[in-house]
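What follows is the residue order along each chain.
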Amino acid sequence: MPFGKKLKAGESPKGKVFLTAGLGGMSGAQPKAGNIAGCVTVCAEVNPAAARKRHEQGWVDELIEDLGELVIRVKKSQNK
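Since the model is a prediction, treat every value here as computed from it, not as a measurement.

> Can you walk me through the overall build of the chain in this structure?
On a plain count of helices and strands, the chain comes out with three helices and two strands. For 80 residues, the compact-globule formula gives about 12 Å, and the C-alpha radius of gyration of the chain, at 13 Å, lands near that figure. By its C-alpha atoms, the chain is 40 × 25 × 25 Å across when sized along the principal axes. Across the 80 residues of the chain, 16% fall into the buried class. Within the chain, contacts between residues at least 6 apart in sequence are counted, and of these 43% link residues at least 24 apart.

Structure below.
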């Protein structure tokens, strides 16, 4: 069974949730790639220092630690 989903032909990523994990190494570019594609990127990171570093570098727009707050923020972004 494949992991993940593909967009259908002609389908836009705009407003879709892109869920990924890890901000170390080259993975730090994933949130920026999501922005470019127009989707809502949620990147899980267990290392607070790595998350702060990527945020300070501009690769991550927001840091949210509370799951409830994250759900609200994702829905708000999808509605934009």
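After presenting the structure, the write-up continues.
> Would you explain the side chain of T20 in this entry?
Mapped onto the fold, T20 is located in strand β1 (residues 17-21). A residue is classified by how much of its surface remains accessible, and T20, at 12% relative accessible area, is buried. For T20, the contacting residues outside a window of four places in its chain are Q30, T41, V42, C43 and A44.

Thresholds, definitions, all that
- Residues numbered from 1 in each chain as written.
- Predicted model: local features only at pLDDT ≥ 70, side-chain atom pairs only at ≥ 80, totals over all residues.
- Heavy atoms only, no water.
- Helix = DSSP H or I, 4+ residues; strand = E, 2+ residues; numbered from the N terminus.
- Rg over C-alpha atoms; globule rule 2.2 N^0.38 Å.
- Buried < 20%, exposed > 50% of the residue type's maximum accessible area, 1.4 Å probe, protein only.
- Contact = heavy atoms within 4.5 Å.

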